[in-house]
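Here's the letter readout for the chains.
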Amino acid sequence: MNINNILSALEAKHPGEHEYLQAVKEVLVSIEDVYNQHPEFEKARIIERLVEPDRIFTFRVTWLDDKGQIQTNLGYRVQFNNAIGPYKGGLRFHASVNLSSLKFLGFEQIFKNALTTLPMGGGKGGSDFSPRGKSNTEIMRFCQAFMLELWRNIGPDTDVPAGDIGVGTREIGYLYGMYKKLARENTGTFTGKGLEYGGSLVRPEATGFGALYFVNEMLKSKNIDIKGKTVAVSGFGNVAWGATLKATELGAKVVTISGPDGYVYDKDGISGEKIEYMLELRDSGEDIVAPYAQRYPNAVFYAGKKPWEQQVDIALPCAIQNELNEVDAKNLITNNVICIAEVSNMGCTAEAIDLLIEKRILFAPGKAVNAGGVATSGLEMSQNAMHIQWSAEEVDQRLHQIMNSIHSQCLQYGKERDGCINYVKGANIAGFMKVAKAMMAQGII
Ligand code: 2IT
């Protein structure tokens, strides 16, 4: 495989899709050696087939706002690869959504889902609709209009959407309600559903909990105790909440959260009722964290800044792609950071990752660290298919086992010559090998 040739061909075909090209490049660089040891992959053109989605649906979503004005947004679903199971991945409603960001997320999802040990292919979807400042009824009308288009292309064994940024339990309820009305079936088809109608216990916490189980394994592999360590978290949504909850439970001290307006530093630690207050902030729909510092006066709000300028032991980007860049990585390294784990998808820029790996900082990529979310979605699918509900303990135990397994896969495939673990390489190779073997077995399709 000649990575440069493949990348320049892709760039020519998809000019300007920077995030998608960034995600593809990271994977190709990691798997190059292994790929070249398997001439049968090259002959079957596995890479050329894997980097293009199976299909993409793009549609117009028109809805009425509360003033009676007609609004139009774009809707998408990228069905990327179903070699190991039905397409599976979230829907993102955010002003930044475009085809490039959804293709990067769908591509990442293929390998992430492969790592979970469960049979799920990769997909992603969403809209440039921004829930910020929208009323409940506007959000419902948007979700219904979105589903009017998408429902024909999804199903419990075809494609199973879930939440992502801007899509939480409320939105899943509206989307699934409309889906059921149109499809006239009750087989699940969405994950992240409310507990009353087929949702799984622990799904809301799963991404954050899984991330901390993974981080704890990383630290344990270096004989480092997480107790007493300080943690910078970015974001203040569902993922940041779950991560803060579990980090605190494990004895670490979370000192920051952030929003589009800036970040909050709380030297006392964000614990107890302050963690639940994060959800209140999110549900206010204003997309700001500044009110935290008014409510808890020991905390300081830094307008327009990111939390990576603080001195912490562990940094957990939990907000959005490319939120931690090379300068941020340098700051953290200067401040003696021990571990950086992407909880958001592709939370670090390529330059930041190169620097962290070069400096041998304990670093792991989103497709390994945050896979607990989609893994627990897989467990929700299992429960729906069996028409049963597992206890929180049962789901949490399975989630924990899956995260440990992902960590072991990273160790197996990510060991460098000097004995260091390159988690980027480990996760990419482990995920790739499973998908490539499944594609080989199923012929040229
Ligand atoms: O990025 C992700 O893995 C998610 N947003 C969760 C996807 C899912 O299907 O639960």
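The structure we're discussing is the one just above.
Residues numbered from 1 in each chain as written. Predicted model: local features only at pLDDT ≥ 70, side-chain atom pairs only at ≥ 80, totals over all residues. Heavy atoms only, no water.

Caption draft 1: Main features of the pattern of salt bridges. Using the criterion set out here, one finds 22 salt bridges in the structure. When the shortest N-O distance is used, the salt bridge between E26 and K367 registers 3.0 Å. With E26 in helix α2 (residues 18-36) and K367 in helix α14 (residues 366-369), this pair connects stretches of sequence that are 341 residues apart. Each member of the pair, E26 as well as K367, is classed as buried. We note a salt bridge from K305 to E309, for which the minimum N-O separation is 3.9 Å. Look at K305 and you get partly exposed, because its relative accessible area is 44%. Look at E309 and you get partly exposed, because its relative accessible area is 33%. Beyond isolated ion pairs, a larger network of salt bridges with shared partners links E26, E108 and K367. (Salt bridge = Lys/Arg side-chain N within 4 Å of Asp/Glu carboxyl O. Helix = DSSP H or I, 4+ residues; strand = E, 2+ residues; numbered from the N terminus. Buried < 20%, exposed > 50% of the residue type's maximum accessible area, 1.4 Å probe, protein only.)

Caption draft 2: Examining the sheet that holds strand β1 (residues 55-64) more closely. Strand order across the open sheet formed by five strands is β1-β2-β4-β3-β5, with mixed pairing between neighbours. Looking at strand neighbours, the two that pair on one side only are β1 and β5 (159-162), the edges of this open sheet. Adjacent strand axes in the sheet meet at a mean angle of 20 degrees when their direction is disregarded. Bridging between β1 and strand β2 (residues 70-81) involves ten bridges; their strand directions are antiparallel. Bridge pairing in β2 links R60 to L74. Those strands touched by helix α5 (residues 99-115) are β1, β2, β3 (87-93) and β4 (121-127), and its axis lies near 150 degrees from that of β4. (Pairing = 2+ DSSP bridges. Axes fitted to C-alpha atoms, helices over the stretch in contact; angles between N-to-C directions. Contact = heavy atoms within 4.5 Å.)

Caption draft 3: Spatial organisation of the site of the ligand. For the ligand, the set of nearby residues contains 14 residues, the closest of which are K88, K112, D164, R203 and S377. Q109 is positioned such that a nitrogen or oxygen atom in its side chain is 3.0 Å from an oxygen atom of the ligand. Within the side chain of K124, a nitrogen or oxygen atom sits 3.0 Å from an oxygen atom of the ligand. The fraction of the free accessible surface of the ligand (300 Å²) that becomes covered by protein chains is 93%. Elements supplying a minimum of two residues to the shell around the ligand: β3, α5 and α15 (371-386). Its residues placed into classes, the shell around the ligand shows two nonpolar, seven polar and five charged. (Near = heavy atom within 4 Å. Polar contact = N/O pair within 3.5 Å; in protein donor to acceptor, adjacent residues only side chain to side chain. Areas by Shrake-Rupley, 256 points an atom, 1.4 Å probe, with all protein chains shown as cover. Nonpolar A, V, L, I, M, F, W, Y, C, P; charged D, E, K, R; others polar.)

Caption draft 4: Quick peek at the environment of V231. Tracing the chain through its elements places V231 in strand β6 (residues 230-233). Taking the C-alpha atoms as reference points, V231 and V312, separated by 81 residues in sequence, lie 5.7 Å from one another.

Caption draft 5: Just the layout of surface pockets, in detail. Space inside the second largest pocket adds up to approximately 570 Å³. Around the second largest pocket, the lining comprises 22 residues; the ones closest to its centre are K25, E26, V29, A350 and D354. Breaking the lining of the second largest pocket down by element, the ones donating at least two residues are α1 (3-13), α2, α13 (350-358) and α17 (423-441). The greatest single-element share of the lining of the second largest pocket, amounting to eight residues, is contributed by α2. Looking at side-chain class alone, the lining of the second largest pocket contains ten nonpolar, five polar and seven charged residues. (1 Å grid on protein atoms, 1.4 Å probe; cavity = no way out; pocket = protein on both sides within 12 Å on 5 of 7 lines; lining within 4 Å. Points joined across faces, edges and corners; volume = space filled by probe spheres on them.)

Caption draft 6: Quick look at the nonpolar core. Among the nonpolar cores identified, the biggest contains 61 residues, and F214, V233, I257, Y292, L316 and I406 are the most heavily contacted of them. The dominant element in this core, judged by the number of residues it contributes, is helix α8 (residues 203-220), at nine residues. Beyond its immediate stretch of four places on either side in the chain, F214 contacts A364, A368, V369, M403, I406, H407, C410 and Y423. By size, the runner-up hydrophobic cluster in this structure holds 40 residues, among which are V51, V78, L105 and M346. (Core = buried A, V, L, I, M, F, W, Y, C linked by side-chain atoms within 4.5 Å.)

Caption draft 7: Structural view of the packing of α8 against helix α9 (residues 238-249). In contact at an axis separation of 7 Å, α8 and α9 are set at 50 degrees when each is read in the N-to-C sense. Between α8 and α9, the crossing angle belongs to the class labelled oblique. Handedness of the α8/α9 crossing: right-handed. Contact with α8, carried on its side by P204, E205, T207, G208, F209, L212 and Y213, involves N238, V239, W241, G242, A243, L245, K246 and A247 of α9 and no other residues of that element. Of the residues in the contact of α8 with α9, the class split is nine nonpolar, four polar and two charged. (Parallel < 35°, antiparallel > 145°, perpendicular 65-115°, else oblique. Left-handed = near helix turned anticlockwise from the far one by under 90°.)

Caption draft 8: Spotlight on the packing of α8 against helix α16 (residues 392-414). Packing of α8 against α16 leaves a shortest axis separation of 9 Å and a crossing angle of 45 degrees. As far as their axial angle goes, α16 and α8 are oblique. Our pair here, α8 against α16, has a crossing hand that is right-handed. Contacts between α8 and α16 involve A206, F209, G210, Y213, F214, E217 and M218 from the former and D396, L399, H400, M403, N404, I406, H407 and C410 from the latter. Looking at side-chain class alone, the contact of α8 with α16 contains nine nonpolar, four polar and two charged residues.

Caption draft 9: Just the side chain of T376, in detail. Note on placement: T376 falls in helix α15. T376 gets classed as buried once you look at its relative accessible area, which sits at 0%. Only 2.8 Å separates the side chain of T376 from the backbone oxygen of G372, close enough to count as a polar contact. Here T376 is in contact with S200, L201, V202, R203, A206, V395 and L399, once residues within four sequence places are set aside.

Caption draft 10: Structural detail: the sheet that holds strand β9 (residues 299-303). Spatially, seven strands are ordered β9-β8-β7-β6-β10-β11-β12 in an open sheet, and the strand pairing comes out mixed. At either margin of the open sheet sits one strand with a lone partner, and together these are β9 and β12 (362-364). Strand-to-strand, the axes of this sheet are offset by a mean angle of 15 degrees, without reference to chain direction. As defined by bridge partners, strand β7 (residues 253-259) adjoins strand β8 (residues 262-266) across four bridges and the pair is classed as antiparallel. Bridging from a neighbouring strand, T256 pairs with Y265 of β8. In this fold α8 packs onto β10 (314-316), β11 (339-341) and β12, with an angle of close to 145 degrees to the strand it touches most, β12.

Read these as spatial facts, not as claims about activity.
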